[in-house]
Amino acid sequence: MTETPLVADPSQQLKNRVAARVRSQRKAQGLPRRVLSEMSDVSPRYLAQLEAGEGNISIALLHRIALALGLPVDSLLSEDAPQDREAQRIGELYREASPDVQRAVRGLLAPQNPAALRAGRICLIGLRGAGKSTLGKLASEALNLPFVELNREIERETGMPLAEVMAFYGQEGYRALEADAISRVVATHDRLVLAVAGGLVAEEATYEQVLQRFHTVWLKTSPVEHMQRVRAQGDLRPMQGNPAAMEQLKSLLDARVPLYRRADAQVDTSSKTVKSSLNDLLKVIASKGFLDGAAE
């Protein structure tokens, strides 16, 4: 004959749950049973029975114990684990806060979809001469999006040319301005194409912000083409008075490659026309879903 399995007594389950919660809360607060007895005006004998899961303590006495522990009585009875005192305090502050504050708190606590955080923002990274400014402007026109060059944003905010910014603020000050500019762009644009300086990736905190808030594309080319394109723009600084410039450029590129590879996508512009590179960039943006919320 098959034995009928024993069904746990719901009443005893409740007693055991209350016993465990009173006991754990009392110990967590460092209260001897005698002290809790005095605070709640419940006899030590009742407390001992309660914590052992024995006897039938009245709701009125249980309510006094809950008050002495600083807990709502339902937290001792509920099947869900009780909140700790800090969580209760936060809950009370939330209930007393204005609707605007409550909305802001909900926004901070809600699970965030990485793709939603990035919205329709696209950021082009890479060394000087990779084509960030040229392709960024053309891509923004093709996609009907704003185009922002971060260095131009810094110039606009400071009211001085980049060379003066560097001379006045120094490298460390420039990096701080760069981080502030990223925050402003994120706050003011849900959809845009952004081009940033090649060295931004070396600033860990700022680069992390970019990776979290933008769909990033690494525009890459060969060291020779990097140098040729910069010189074609009329900037002779990489070569002027420095015969070892090419080796330095190669070393710099080698050092940054692991950082650039963290981008969501890559477009190689080596030996390609601007039109061909633009088509490659637009295809990547479309295939990755950077503008439709489907990006992973």
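Remember, it's a predicted structure, so these values are computed and weren't measured experimentally.

A. Molecular detail of the pattern of salt bridges. Summed over the entire model, instances satisfying the criterion amount to 15 salt bridges. Between Arg156 and Glu157 there is a salt bridge; the shortest N-O distance is 3.6 Å. The class for Arg156 is exposed, based on a relative accessible area of 54%. Glu208 is the salt-bridge partner of Arg262, the closest N and O atoms lying 2.6 Å from each other. Taken together, the residues Arg262 in the loop between helix H14 (245–260) and strand E5 (265–268) and Glu208 in helix H12 (residues 204–213) connect sequence positions 54 residues apart. Overall, the relative accessible area of 39% leaves Arg262 in the partly exposed class. A residue is classified by how much of its surface remains accessible, and Glu208, at 26% relative accessible area, is partly exposed. What emerges from the salt-bridge pattern is a single network uniting Glu153, Arg156, Glu157 and Arg184.

B. Here's a closer look at the nonpolar core. Within the largest apolar cluster, 31 residues are counted, with the highest numbers of intra-cluster contacts made by Ile125, Leu150, Ile182, Leu194, Val196 and Phe214. Sorting the residues of this core by element identifies strand E1 (120–125), helix H10 (150–158), helix H11 (162–188), strand E3 (191–195), H12 and H14 as the ones contributing at least two each. With eight residues, H11 is the largest single contributor of residues to this core. Ranked by size, the runner-up nonpolar core spans 16 residues in total, among them Leu124, Leu135, Leu145 and Leu219.

Conventions we followed
Residues numbered from 1 in each chain as written. Predicted model: local features only at pLDDT ≥ 70, side-chain atom pairs only at ≥ 80, totals over all residues. Heavy atoms only, no water. Salt bridge = Lys/Arg side-chain N within 4 Å of Asp/Glu carboxyl O. Buried < 20%, exposed > 50% of the residue type's maximum accessible area, 1.4 Å probe, protein only. Helix = DSSP H or I, 4+ residues; strand = E, 2+ residues; numbered from the N terminus. Core = buried A, V, L, I, M, F, W, Y, C linked by side-chain atoms within 4.5 Å.

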